[in-house]
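A closer look at the structure
Here's the letter readout for the chains.
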Amino acid sequence: MNPDVMVWLLASPFAGAILLYLARGRAQQALAVALPAVYLALGVLAIAGGRTEFPLQAAIFSLPWLDDAGVFPLRLDALSAILLLVVLIVGLLVMAFSIRYMCPDNREHPVHNGEGNNRYYAFLSLFIGSMVGVALAGNLLVLFVFWECTTLSSWVLISHHVHQPLSVRAGFKALVMTHLGGVFLVIALAVVFGLTGTFSFAAIGQLAPTPQAVVFLCLLVAASAKSAQVPLFTWLPDAMEAPTPVSAYLHAAAMVKAGVYLMARVILETGTFPSWTGALMAGLALVTMMVGLIFYFYQDDLKRFLAYSTIAQLGYMMLGLSLFMLGSKTGYVAGVFHLACHSVAKALLFLCVGAMAMRLGVRSISKISGLYARMPIAATCFFIGMLAVTGIPPFSCFWSKLMLVVGIMELKGPAMPLISVPYYVEVVLGFFWFLKVGQRLLFGEPSAAVLAIEPDSAVAGTGFTNGILIVLAVLTVLMPLIVYPFVRAL
Amino acid sequence: MDQQLMLLGGFTLLLLGAFVTWVLGGGGWRAEFSRHFGLIIVAAAGGCFTSVSAFVLGGHGALGPVVLWQPSLVNASLSIRVDALSAFFLLLISGLSLAAAWFAVGYTRKMADVGGFYPLLLLFVFGMAGVVVVDDFFFFFVPWEFMALSSYLLIVFHREKAENLSAGFKYFFVTHAGTLALFFGITMLVGGGGSSFGFHDMARSMPALLAARPILAHTGLLLILIGFLVKAGCFPFGMWWLPAAHPAAPAPVSALLSGAMIKLGLYGILRVFFQIVPAGPWSFGWGMVVATFGTLSLLVGTLAALVQNDSKRLLAYSSIGQIGYMLLGFGLALGLATSDPPLAAVALVGGLFHMLNHACFKGLLFLNAGTFELATGERDLDRLGGLNRIVPVTAACAIVASLSIAGLPPFNGFSSKWLIYHASVWGSQGPRVPFLFFGIAALIISAVTLAVMLKFLGASIWGAMSPAVKRATPPREMPWLGSSQFALAALCLGLGLFPMAGVWLCYLAAAPLAATIGTPAFASLFGAGRFAMELQDRGAVVGVWSPLAVALILGAAFAIAIWARRSAGSTERAAATWACGSDVDTEQLRFKAGHYYTPFKSLVRPLLAWPGLAAWRHASARRMTPSAGTVTAVLNPDTWAYNPLVAWMLAVLRKLAGSRIGLPQIYPAWNLIGLALSFIFLLLLWR
């Protein structure tokens, strides 16, 4: 297997961004589907080709005076493969969904004459490239560079509707808060480089206890900001001003997972952090889960509701990772597994909301009910997404949540009851609200807003969006199987 | 090997049937096809399962384990195994689902969405059968939740009614919460000291865990018990979902829910408390807990059934009561496991036998209620009456079922309850004296059950015809509807007259639970008779029940009574009710369901009216999402940290910007001062 495929994989979304920026109209739409398919093909090629010889190594760039190795390394192993698969699969579906979403008859955000589309597609592609970079990063420096690229793309994409003050403000807020995390990442980088003269992940493991603790805390702040954990979660609900496919991709499936990935990577490479770091991380994750849960009940906007659910689910992942330090490898694996399982489920939910909102013009839970009467496929897919996120078999998060429970129960001492009780509460009450909302949306009495729209068959292009939703719904079943070999190899 | 294929073939058939009926959809000939095809599939799959059950119960020992998949991430394997207990449950599920599907052919004739109904029904049967054959507690949850999901969708099948949606919500939410408790319990046991999730591995590691970490082990067991009790519909957990869910579902599904699904909660209890947990000092304690739950359930459930006016709701509460009997039997068996294993075996067989009987008569009663609904469009017992003139076969079956559930000899309910009473009385020495009171409570409640069923019969099939019944016509599909009910009624009577057949089956089913009850020989428990049951205690016969003899005596007495009545030569005449000469609407003179047991109702009414409950319900029903308030303000750092911080920073910056006001010559001064400071800083750094 030629490791240069990784370089091609990384370069292609950046080159694709330029193409998408220059193209117009039909050609742009065709490219918006074709290019992500190419990225996915390259990704599959790299992963499948490298599976027997993990980790694959390559270099994109070399600065002899900087690093001990003098290169900017790329590396592909099981953990990278999981993130890559998530980013590339969901990326393709979201880009494809966008070509129907960014159109004049979208009642949520009408787009006339393709205005702003070139910027939109270019930055989506750039974002894919940045996430690929995060996944393939072979050391902290490379990771940091692409990390900031995701922040930048996120800022542009959230503020896509530049004439709406709210969306500009939301983009700015997201930029400031996630960049604050980036600052802490720089501090961690500086400490590691200053003390060891290298940026490699493994160097963190060689630090003395105190600097190691400082590095860990800095990384935790950076990851918390990116993955919307307490107390830096408030940018995510506001970021729902973004076009819905962007919310589906950046703020549910991919970008917010970068923080989780950073922690997963560092924990995996470092081997051992002291157990207090695990307790701290688990505590923060539990608080995040609870705060997210409480906010569920106050949301009337479907997207904000889903955003808080994302916050809580990211808490699950962080909780899973923290179990590594508390003595349970199963919990760590479950956290990474949940990353993949949650991505497809939450992307499905967001795209369903997008499909509904572009027809209905509203996203309010109180105004949408009985959608089965007009949009049966979107409503059913939303219900499936809800089952998948809350963990009903055979859908994705069932498996990861089950594994997480197994991980929690492997703990010794007071940690087990202290974690399992709030976990139980969160899962049960989360299910309560999701079921309430999902049932109302699917089975309830059709509301006036729903009855006012045309049925599926009368709207052009619905078959296309419904097709994407169905593919995602099928993926909620298949995703655990797709990533299983890599999760097992962790 | 061929039996394994049979088993997997049964599951494949159900999936295939679900897929075909889903693809076909409803409407026209396709609906017609689906209705019969669904029956054929259920019958064929049931045949496969029955063949496997017969193989296992026929003395060939357990089938499997067949390991289908073994993931390396967790210590679990997707393996299936059919032992005698599983075989018993498979038999029960296949039999009842066949009756329900048979009934459904008639029931779904006018149904709008046949294409939506059959896939769910078949998947529901698939889930139930899956639960009892999985041999591993990790993968146990897949069919378990599959069953919950499909039955939820069946409960909200008639989604045009808001109350059905609320019933489905309650069902799914409450049972999912229970399932999670169950999973936490299971993982606690495995994580605390087990080697894997397999039943046998768990059983092997259990003694060491109970000795080394008793608090953890018993907490886990409590969670498991609660999880299964929620599904079984035991008081108090069942009260939260069962009375709402059973009426909401279409009648064949109600029959399956009550006749088969809730029993799978008991299946879990049997697996864990009788097989995985060995008998020991803790057995008595757990037996007391289970028996107490059972007694409470039979008391509250049956008494609550007494005041219901909705036919299916009444039956649903009665199910909570009947589950109590089974739990009482199992609790007694656990409690007696260490002191008197043979008596424990009698109690266990009694509980299992009651389960079998309950599947027959409660399934039948729900089918009866469904027929009434089909004929009149009513479930409200107040609006029924005199239905025996419209659907005589159903009425006769309803009488058989009612007498069976009330435990009247020689019907089947009597035999199983008798075993439970026997164990409670004979096992109540010393510290086990509460068992006596449990037995007495169960005995009294048996009479209450009769009162409940007399209300059910009196308000629906007997008495004057209500306006709704007068308008009613017999359903056109009566052959399908009637034959399925007739078969179940025949089973009730057959098991009643020949209890030894049922007891033998249940004795075989209990064989894998030897960890608790040992391996007593059948004849040393129930005697060697074929028709009469002779209960033994250390070789001495302590009780005899010969239903054939009793039936003969009762029949003879009945014949004499009829003969006496005939020979008296008195004439009967039918006349309208006399209303003191005033002109009253006959409807007002009818004795309706609401008129039964009014003193009792006024007695319990204060207990049911909890202050504040209605107000809370009203408030929670009014609004979907509460508006943001203090809670969100406190939890959102935006409001008290970030926004004030940003505002403060902006204010400071504005102040700094204020320095630009004034003479333009001052700006260069600022620059110079800044430059000077930088130099000083650099110089300091240099040194």
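Since the model is a prediction, treat every value here as computed from it, not as a measurement.

Overview of the overall build of chain A
For chain A, the helix and strand inventory stands at 18 helices and two strands. Its C-alpha atoms give chain A a radius of gyration of 21 Å, near enough to 23 Å, the size a compact globule of 490 residues would have. Viewed in the frame of its principal axes, chain A has a C-alpha envelope of about 65 × 55 × 45 Å. Residues classed as buried in chain A amount to 62% of the 490 residues present. A sequence separation of at least 24 residues applies to 79% of the contacts in chain A between residues at least 6 apart.

Some thoughts on the overall build of chain B
In terms of regular secondary structure, chain B is built from 28 helices and four strands. Each of the three principal axes of chain B carries a C-alpha extent, and together these read 135 × 70 × 55 Å. Looking at chain B as a whole, 52% of its 687 residues qualify as buried.

Thoughts on the confidence of the model for chain B
Residue and element names in this part refer to chain B. When pLDDT is averaged across chain B, the result is 89; 96% of the residues are at 70 or more. When pLDDT is averaged over each helix and strand of chain B, the minimum, 64, is found for helix α25 (residues 613-622) and the maximum, 95, for helix α8 (residues 214-232). As scored by the predictor, the complex reaches a pTM of 0.92 and an ipTM of 0.92.

Here we look at the interface of chain B and chain A
In this complex, chain B contributes 34 residues to the contact, which on the side of chain A involves 36 residues. Going through the elements one at a time, α5 (141-155), α6 (162-193), α26 (630-635) and α27 (637-657) of chain B are the ones with two or more residues in the side of chain B that touches chain A. At 13 residues, α6(B) tops the list of elements feeding residues into the side of chain B that touches chain A.

Quick look at α8(B)
It helps to recall that an α-helix has 3.6 residues per turn; residues three or four apart then point in one direction. Residue and element names in this part refer to chain B. With 19 residues, α8 should reach 27 Å at 1.5 Å per residue; the first-to-last C-alpha distance of 26 Å fits that figure. Close packing links the buried residues of α8 with α6, α7 (199-212), α9 (237-248), α10 (251-276), α11 (281-306) and α12 (311-336). Where α8 ends, the next residue or the one after it, Gly233, has phi of about 80 degrees, a positive value.

Focus on the confidence of the model for chain A
Interpreting fine coordinate detail is not advised for predicted regions of low pLDDT. Predicted confidence across chain A gives a mean pLDDT of 91, with 98% of residues reaching 70 or more. By mean pLDDT, strand β1 (residues 56-62) of chain A is the weakest element of chain A at 74, and helix α12 (residues 302-326) of chain A is the strongest at 95.

Describing the packing of helix α4 (residues 114-133) of chain B against α10(B)
Helix-helix packing is described using two parameters, namely the angle between the two axes and the distance between the axes. Residues and elements named next belong to chain B. Packing of α4 against α10 brings their axes to within 10 Å, and their N-to-C directions diverge by 20 degrees. Viewed along their axes, α4 and α10 adopt a mutual orientation that is roughly parallel. Considering only the axes of α4 and α10, their crossing is left-handed. Together, Leu121, Phe124, Met128, Val131 and Val132 of α4 and Val253, Leu256, Ala260, Met261, Leu264 and Tyr267 of α10 make up the contact between the two elements. Class assignment of the residues belonging to the contact of α4 with α10 gives a composition of 11 nonpolar, no polar and no charged.

Regarding unusual backbone geometry
A cis amide bond, omega 5 degrees, links A:Pro393 with the succeeding residue A:Pro394. In this fold, A:Pro394 is placed in the loop between α14 (376-390) and α15 (396-409). Positive phi, close to 50 degrees, is recorded for B:Arg538, a residue that is not glycine. With respect to the helices and strands, B:Arg538 occurs in the loop between β3 (533-537) and β4 (540-545). In this model, B:Tyr597 sits at a positive phi of 55 degrees, which is unusual for a non-glycine residue.

Describing the packing of helix α3 (residues 78-101) of chain A against helix α4 (residues 117-136) of chain A
Residues and elements named next belong to chain A. Put simply, α3 and α4 touch, their axes get as near as 9 Å, and they point 170 degrees apart. The pairing of α3 with α4 is recorded here as roughly antiparallel in orientation. Along its contact with α3, which presents Ser80, Leu83, Leu84, Val87, Gly91 and Met95, the element α4 presents Leu124, Ile128, Met131, Val132, Ala135 and Leu136. When the residues that make up the contact of α3 with α4 are grouped by side-chain class, the tally is 10 nonpolar, two polar and no charged.

Observations concerning the environment of B:Ser258
Residue and element names in this part refer to chain B. Secondary-structure assignment places Ser258 in helix α10. Considering only alpha carbons, one finds Ser258 and Tyr667, 409 residues apart in sequence, at a separation of 87 Å. Contact partners of Ser258, with chain neighbours within four places excluded, come to His246, Leu315, Ala316, Ser319, Lys362 and Phe366.

Side note on the nonpolar core
A:Ile82, A:Leu219 and A:Ala347 are the most contacted members of the largest nonpolar core, which totals 439 residues. Contact partners of A:Ile82, with chain neighbours within four places excluded, come to A:Val336, A:Leu339, A:Ala340, A:Val483, A:Phe486 and A:Val487.

Overview of the environment of B:Gln429
If you trace the backbone, B:Gln429 turns up in the loop between α15 (412-426) and α16 (434-460). For B:Gln429 and B:Ile320, which are 109 residues apart along the polypeptide, the C-alpha to C-alpha distance reads 29 Å.

Focus on helix α7 (residues 209-226) of chain A
Residue and element names in this part refer to chain A. For α7, with 18 residues, the first-to-last C-alpha span of 25 Å sits near the 26 Å given by 1.5 Å per residue. Considered for burial, the residues of α7 that qualify are Gln212, Val215, Phe216, Cys218, Leu219, Leu220, Val221, Ala222, Ala223, Ser224, Ala225 and Lys226. Turning to α7, the residues buried within the fold contact α6 (165-196), α10 (257-270) and α11 (275-296). Just past α7, the residue Ala228 takes up positive phi, approximately 55 degrees.

Details of the environment of A:Met358
Locating A:Met358 in the fold gives a position in helix α13 (residues 329-360). Aside from chain neighbours lying at most four places away, what touches A:Met358 is A:Tyr101, A:Asn106, A:Arg107 and A:Glu108.

What counts and how
Residues numbered from 1 in each chain as written. Chains lettered and ligands numbered in written order. Predicted model: local features only at pLDDT ≥ 70, side-chain atom pairs only at ≥ 80, totals over all residues. Helix = DSSP H or I, 4+ residues; strand = E, 2+ residues; numbered from the N terminus. Rg over C-alpha atoms; globule rule 2.2 N^0.38 Å. Buried ≥ 20, exposed ≤ 12 C-beta atoms within 10 Å, placed from the backbone. Contact = placed C-beta atoms within 7 Å. pLDDT = per-residue confidence, 0-100. Expected span 1.5 Å × (residues − 1). Axes fitted to C-alpha atoms, helices over the stretch in contact; angles between N-to-C directions. Parallel < 35°, antiparallel > 145°, perpendicular 65-115°, else oblique. Left-handed = near helix turned anticlockwise from the far one by under 90°. Nonpolar A, V, L, I, M, F, W, Y, C, P; charged D, E, K, R; others polar. Core = buried A, V, L, I, M, F, W, Y, C linked by C-beta atoms within 7 Å.

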